[in-house]
Amino acid sequence: MKVRLMMILGVMAVIASLKSHAFVFTVSEKQLNAVLLLSFPIIREYQGIETTFYDPKVKLDALDKTVDITTSIRALQDGKLVIARGTIEGKFDYDPLNRLLRIEKPILKDFILLENQLEDSKHAVRTIKQTIGRNLPEIMLVDFNQLKMGIGDIAPKDVDITPQGLAISF
């Protein structure tokens with residue numbers, strides 16, 4: 001009787017431990033960069049300046065729990081070109097209802113002018129910064145609705161930034 005009770009308790013312990021363990025899938029910065037290419041280029045026109053954001057590179061900061069995207073920026077006004085490199089920072093957000101991992105409210109953190117064909121580039125630079133602050137859409141990092149893992153629709157329970165990349169818990 002004691003042996004049977006111990007076996008039942010052992011099986012229950014195994015079942016309980018299986019339910020409590022989550023499957024954690026880690027997406028590295030390199031993998032995230034490949035996914036991010038699907039959201040770029042982003043083209044916006046604002047105050048007569050067509051601005052294109054392209055060639056994104058994501059940087060995850062596990063300590064501060066932030067995501068930065070450094071991108072090339074091309075602005076065209078009256079046939080004249082401005083090329084820059086900038087870093088976009090935004091709120092890292094996982095929307096469990098829509099199953100989307102995104103950067104909301106992107107803002108320009110750094111801006112380096114690389115090429116300038118405009119005589120007065122102050123207006124163009126100001127417009128680029130305003131475009132990022134007001135007109136850029138949220139940036140999609142991962143759409144879990146698009147992922148097919150062969151086991152049906154599953155939604156992450158948690159998404160966290162770690163030194164290895166994005167840790168996605170199912």
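Thresholds applied
- Residues numbered from 1 in each chain as written.
- Predicted model: local features only at pLDDT ≥ 70, side-chain atom pairs only at ≥ 80, totals over all residues.
- Heavy atoms only, no water.
- Helix = DSSP H or I, 4+ residues; strand = E, 2+ residues; numbered from the N terminus.
- pLDDT = per-residue confidence, 0-100.
- Contact = heavy atoms within 4.5 Å.
- Polar contact = N/O pair within 3.5 Å; in protein donor to acceptor, adjacent residues only side chain to side chain.

**A closer look at unusual backbone geometry**
Here is step 1: Unusually for a residue other than glycine, Asp78 sits at a positive phi of about 50 degrees.
Here is step 2: Note that Asp78 resides in the loop between strand S4 (66–77) and strand S5 (80–95).
Here is step 3: One non-glycine residue, Arg99, lies in positive phi territory at about 60 degrees.
Here is step 4: Tracing the backbone shows Arg99 in the loop between S5 and strand S6 (100–116).

**Comments concerning the confidence of the model for the protein**
Here is step 1: Across the protein, pLDDT averages 76, with 76% of residues at or above 70.
Here is step 2: Helix H1 (residues 2–20) is the least confidently modelled element of the protein, averaging 41 in pLDDT, while strand S3 (residues 49–61) averages 90, the highest of any element.
Here is step 3: This stretch, residues 1–19, has a pLDDT under 50; its non-local contacts, to residues over four places away or in other chains, come to zero contacts.

**Overview of the side chain of Thr71**
Here is step 1: Following the sequence through the fold, Thr71 ends up in strand S4.
Here is step 2: A polar contact is formed between the side chain of Thr71 and the backbone oxygen of Tyr54, at a distance of 2.7 Å.
Here is step 3: What Thr71 contacts, discounting residues up to four positions off in sequence, is Phe40, Phe53, Tyr54, Asp55, Pro56, Ala84, Arg85, Gly86 and Ile88.

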